[in-house]
Amino acid sequence: MSIKRIARHLVQHHWRAKQIFPPAVLGRIEQAIRQGESTHSGQVRFVVEGALDGRPLFSNQPARARALDVFSHLRIWDTAHNNGVLIYLLLADRDVEIIADRGIDAKVGPAGWETICRAMEAEFRSGRFEHGVTSGIAAVSRELARHFPPSGPQPNELPDAPVVM
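The rules behind the values
Residues numbered from 1 in each chain as written. Predicted model: local features only at pLDDT ≥ 70, side-chain atom pairs only at ≥ 80, totals over all residues. Heavy atoms only, no water. Helix = DSSP H or I, 4+ residues; strand = E, 2+ residues; numbered from the N terminus. Polar contact = N/O pair within 3.5 Å; in protein donor to acceptor, adjacent residues only side chain to side chain. Contact = heavy atoms within 4.5 Å. Buried < 20%, exposed > 50% of the residue type's maximum accessible area, 1.4 Å probe, protein only. Expected span 1.5 Å × (residues − 1). Arc of directions from axis to C-beta. Salt bridge = Lys/Arg side-chain N within 4 Å of Asp/Glu carboxyl O. Pairing = 2+ DSSP bridges.

Visitor: What's the story with the side chain of Glu97 in this structure? I'm lost.
Guide: Relative to the elements of secondary structure, Glu97 occurs in strand β3 (residues 95-100). Only 3.0 Å separates the side chain of Glu97 from the side chain of Arg64, close enough to count as a polar contact. Not counting residues within four places of it along the chain, the set of residues in contact with Glu97 comprises Ala63, Arg64, Ala67, Leu86, Ile87, Tyr88 and Cys117.

So, in structure tokens, the structure goes:
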């Protein structure tokens, strides 16, 4: 367990997520998800967490493991075509993780998701958080559209609203 990581999480805590992602920005991110989902039969969720606290922090839970927990908790794996995708941002670690259900993950693979994550992180380092998120949503949606194009009625299986933890 790194004292530096603990300090970073305690100092940045949850206020930073609300500062970077005020309601107007969250609304535009929700619209980007809705627009992206109109091009495919998949489901996309965006979650931002300012910092870890409690057990996840003191057990030194990596961002990827936390993202897996969030993916499960939000039931993103529970889509008809196994094509749900979580874009998870842990601000205190400056880390983006994409967790995808097995249907889409088998087609895109870790390298494809990693490319999208790194592009988003580059935008965040430049202070362009909204653009980084919406660009990431667009990139994920392009992958979903390529492998899961829309066919027939498109029920919205998961909420489009971003989650701030």
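Visitor: Please clarify how unusual backbone geometry should be interpreted in this entry.
Guide: Working note: non-glycine residues mostly have negative phi, and peptide bonds are mostly trans. A positive phi is found at Asn82, a non-glycine position, where the angle reads about 55 degrees. Relative to the helices and strands, Asn82 resides in the loop between α5 (63-73) and β2 (84-90). Its identity is not glycine, yet Arg94 carries a phi of approximately 55 degrees, on the positive side. Relative to the helices and strands, Arg94 is located in the loop between β2 and β3. A residue is classified by how much of its surface remains accessible, and Arg94, at 58% relative accessible area, is exposed.

Visitor: What am I meant to see in helix α3 (residues 23-37) here?
Guide: A turn of α-helix holds 3.6 residues, and therefore any two residues three or four places apart point the same way. Taking 1.5 Å per residue as the helical rise, α3 with its 15 residues ought to reach 21 Å, and the 21 Å between its terminal C-alpha atoms agrees with that figure. Residues of α3 that are buried: Val25, Leu26, Ile29, Ala32, Ile33, Gly36 and Glu37. The arc that holds the buried residues of α3, viewed along the axis, is 130 degrees, so those residues lie on one side. Residues Pro23 and Gln35 are exposed on α3 and point more than 90 degrees away from its buried face. The inward-facing, buried residues of α3 contact α2 (15-20), β1 (43-49), α7 (129-147) and β4 (163-164).

Visitor: Even after reading the chapter, I still don't get the pattern of salt bridges, so can you show me in this structure?
Guide: A side chain of one charge can pair with a side chain of the opposite charge if their charged atoms are brought near each other. Tallied over the entire structure, the rule returns twelve salt bridges. In this structure, the salt-bridge partner of Glu49 is Arg66, at a minimum N-O distance of 2.9 Å. Pair noted here: Glu49 is in strand β1 and Arg66 is in helix α5, with a separation of 17 residues, a long-range link. The same class applies to Glu49 and to Arg66, which are both buried. Close ionic contact of Arg118 with Glu121 constitutes a salt bridge, the shortest N to O distance being 2.5 Å. Residue Arg118 and its partner Glu121 are both found in helix α6 (residues 102-125); the two are separated by three residues, about one turn of the helix. With relative accessibility at 31%, the residue Arg118 sits in the partly exposed group. By sharing partners, the salt bridges in this structure join Asp95, Glu114, Arg118 and Glu121 into a single network.

Visitor: Teacher, can you tell me more about the pairing of β1 here?
Guide: Successive residues of a regular strand alternate their side chains across the two faces of the sheet. In terms of residue burial, β1 counts as a mostly covered element, since seven of its seven residues are buried. In β1, alternate side chains face the same way, and those of Gln43, Arg45, Val47 and Glu49 on one face and Val44, Phe46 and Val48 on the other are all buried. The sheet contact formed by β1 and β2 spans seven bridges and is parallel. Pairing of Phe46 across the sheet is with Ile87, part of β2.

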